[in-house]
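So the chains spell out like this:
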Amino acid sequence: MSEFITFDDIRAAERRIDGVAVRTPLYRLERTRLHMAKLAEPEFDIYIKAESEQPIGSFKLRGAYNMVAQLSADALRRGVITYSSGNHAQGVAYAARALGAKAVIVMPSNAPEVKKAATRALGAEIVEVGPASSERRLKAEELVAQFGYAMIPPYDAPEIIAGQATCGLEIVEQLPDVDLILSPVSGGGLLSGVSTAVKLAAEQGIAKPTVQVWGAEPELAADARESFYAKKLVEWPAEKTTRTISDGLRTQSLGELNFAHVLRYVDGIVTVTEDEIFAAMRVFLTATKLVAEPSGAVTLAAALFHAHELPKARKVAIVLSGGNLEPALRGRLDSELAAGQLA
């Protein structure tokens, strides 16, 4: 596989994950439902790519299974390891169980309990470290050196990018005339994969040649936006990125390979506030039957509250990257809705 993934790589990943990852539906958000949330009707139609309907509740299964499935029998016998705040942890644990391998996951101590419990339920061993993404990566590398595990990085690997790219390919096959696609961004696995798939699909005549792909991330963890517009990789300290409620978007910098793909294929990155993320989660609960975790709600927040920063479009697809919402947070949202706080 070359440094930049190819359309053939994405098609191969699509075949490899078939029967494991789900070809998730693309739901149209009815504009009249936004009136119920007391929001102005946007000038475009919004379509939701519901990755929350994957077996593990997030898109991460795509890349994790694509990479684990390519390991040798000897590597599978030694076991696999990764470092993750939760969703990639579940993806690797699920893939390892399906392929008969041991899984060790290095997780931050502040990861949501619902994600820790789900990872353990899939048979993985959890090793906890501090909140910094750099801490869990270093611990995982230490365990690789000690036990010979196969590393399955959360985003910075061509196999991971190709797996996540299948999400973007599905979007343009489901909605060929889509004008704009919004993807969450943290380490960059999903955004780099989606943007690559969409732009290569346009070259193949599967998508419109003018289709754009934008990233969305919290203002409190906006290292990707800074990196994109500075055209150089920027790292934010953990004490800054951990401020956001979006636990899946607290990575301190884009991966190097992800950043290369982002610079080549992404058209822009927009940031959203914490209040906008909460509002978007409430909209998901009131206007759809879908549940979004904070990291999965940033794209709807971008579409609803930052349309003036985005290119003009008639049809906008947003990736709901995950629905693993903590029960306590769900309870808070339900209470707010019961009190009449809609958006």
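Note that the coordinates shown come from a computational prediction; the quantities given were computed from them, not determined experimentally. Numbering of residues starts from 1 in every chain and runs along the sequence as written. Residue-level local features of this predicted model are given only where pLDDT is at least 70; pairs of side-chain atoms are given and counted only at 80 or more, and the full residue set underlies all totals for whole chains, interfaces and linings. Excluding hydrogens and water, the side-chain figures rest on all heavy atoms present in the structure.

### Thoughts on the pattern of salt bridges
Counted as salt bridges are all cases of a side-chain nitrogen of Lys or Arg within 4 Å of a carboxyl oxygen of Asp or Glu. This structure, assessed with the given rule, holds 25 salt bridges. The residue Arg-62 makes a salt bridge to Glu-51 at a minimum N-O spacing of 2.8 Å. Of this pair, Arg-62 sits in helix α3 (residues 60-68) while Glu-51 sits in the loop between β2 (45-50) and α3; the two residues are 11 residues apart in sequence, bridging distant segments of the chain. Classification of residues uses two cut-offs on accessible area relative to the type maximum, computed with a 1.4 Å probe and protein chains only: under 20% is buried, over 50% is exposed, and between them is partly exposed. Note on Arg-62: relative accessible area 0%, which makes it buried. Look at Glu-51 and you get buried, because its relative accessible area is 0%. Among the salt bridges present, the one from Arg-62 reaches Glu-170, with a minimum N-O distance of 2.9 Å. Here Arg-62 is found in helix α3, whereas its partner Glu-170 is found in helix α8 (residues 158-174), with 108 residues between them in sequence. Take Arg-62 and Glu-170: they sit in the same class, and that class is buried. Bridged by salt links that share partners, the residues Arg-11, Glu-14, Arg-23 and Glu-173 form one connected network. Numbering goes from the N terminus for both helices and strands, where a helix is a DSSP run of H or I of at least four residues and a strand is a run of E of at least two.

### Quick word on the layout of surface pockets
Only protein atoms enter the 1 Å grid, on which a cavity is a set of points fitting a 1.4 Å probe that cannot get out and a pocket is an open set with protein on both sides within 12 Å along at least 5 of 7 lines, lining residues being those with an atom within 4 Å of a point. Grid points are joined across faces, edges and corners, and a volume is the space filled by probe spheres set on the points. By volume, the largest pocket is sized at about 310 Å³. The biggest single contributor to the lining of the largest pocket is helix α7 (residues 133-147), with four residues. Counted as a void, the second largest pocket has a volume near 260 Å³. For the second largest pocket, the lining is made up of 15 residues, of which Pro-42, Glu-43, Phe-44, Ala-303 and Ala-307 are closest to its centre. Residue contributions to the lining of the second largest pocket peak at three residues, all from helix α14 (residues 294-305). For this classification, the nonpolar set comprises Ala, Val, Leu, Ile, Met, Phe, Trp, Tyr, Cys and Pro, the charged set comprises Asp, Glu, Lys and Arg, and every other residue, Gly included, is treated as polar. The residue inventory of the lining of the second largest pocket, partitioned by class, reads 13 nonpolar, no polar and two charged.

### Topic: the environment of Ala-302
Tracing the backbone through its elements, the reader meets Ala-302 in helix α14. Ala-302 sits 21 residues away from Gly-323 along the chain, and the two C-alpha atoms are 18 Å apart. In what follows, a contact means two residues having at least one pair of non-hydrogen atoms within 4.5 Å. Sequence-distant contacts of Ala-302, defined by excluding residues within four places in its chain, comprise Leu-182, Ala-216, Val-270, Val-272, Ala-307 and Leu-310.

### Some thoughts on the sheet that holds strand β9 (residues 268-272)
DSSP bridges decide pairing: two strands pair if at least two such bridges lie between them. Pairing is mixed in the open sheet, where six strands are placed in the order β1-β2-β10-β7-β8-β9. Strands at the two margins of the open sheet, each flanked by one partner only, are β1 (26-29) and β9. Sheet twist, expressed as the average angle between the axes of neighbouring strands with direction ignored, equals 30 degrees. Bridge count between strand β8 (residues 212-218) and β9: five bridges; the pairing is parallel. The residue bridging Trp-214 from the neighbouring strand is Gly-268, located in β9. Axis definition: a line fit to C-alpha positions, over the contact stretch in the case of helices; interaxial angles, taken between N-to-C directions, run 0 to 180 degrees. Contacts from helix α10 (residues 223-230) reach β8 and β9, with the element oriented near 150 degrees to β9. Together, β1, β2, β8, β9 and β10 (315-320) form the strand contacts of helix α13 (residues 274-287), whose direction differs from that of β9 by roughly 90 degrees.

### Notes on the packing of aromatic side chains
Each Phe, Tyr or Trp ring (for Trp, its six-membered ring) is paired with any other whose centre lies within 6.5 Å, and the angle between the two planes then decides the class: stacked below 30 degrees, edge-to-face above 60, tilted in between. All told, the structure shown has two aromatic pairs when counted by the stated rule. Residues Phe-228 and Tyr-229 carry aromatic rings whose centres are separated by 4.9 Å and whose planes lie at 90 degrees to one another, so their mutual orientation is edge-to-face. With relative accessibility at 4%, the residue Phe-228 sits in the buried group. Counting as a charge over the ring demands two things of the Lys NZ or Arg CZ atom: a distance within 6 Å of the ring centre and an angle within 35 degrees of the ring normal. The residue whose ring lies beneath Lys-231 is Phe-228, and the NZ or CZ to ring-centre distance is 4.1 Å. Sitting above the plane of the Phe-4 ring, Arg-264 keeps its charged end 3.7 Å from the centroid.

### Focus on the sheet that holds strand β3 (residues 80-83)
Spatially, four strands are ordered β5-β4-β3-β6 in an open sheet, and the strand pairing comes out parallel. Of all the strands in the sheet, the pair left with one neighbour each is β5 (125-129) and β6 (150-151). Of the pairings in the sheet, the one linking β3 to β6 comprises two bridges and is parallel in character. Residue pairing for β6: Ile-81 is matched across the bridge by Met-151.

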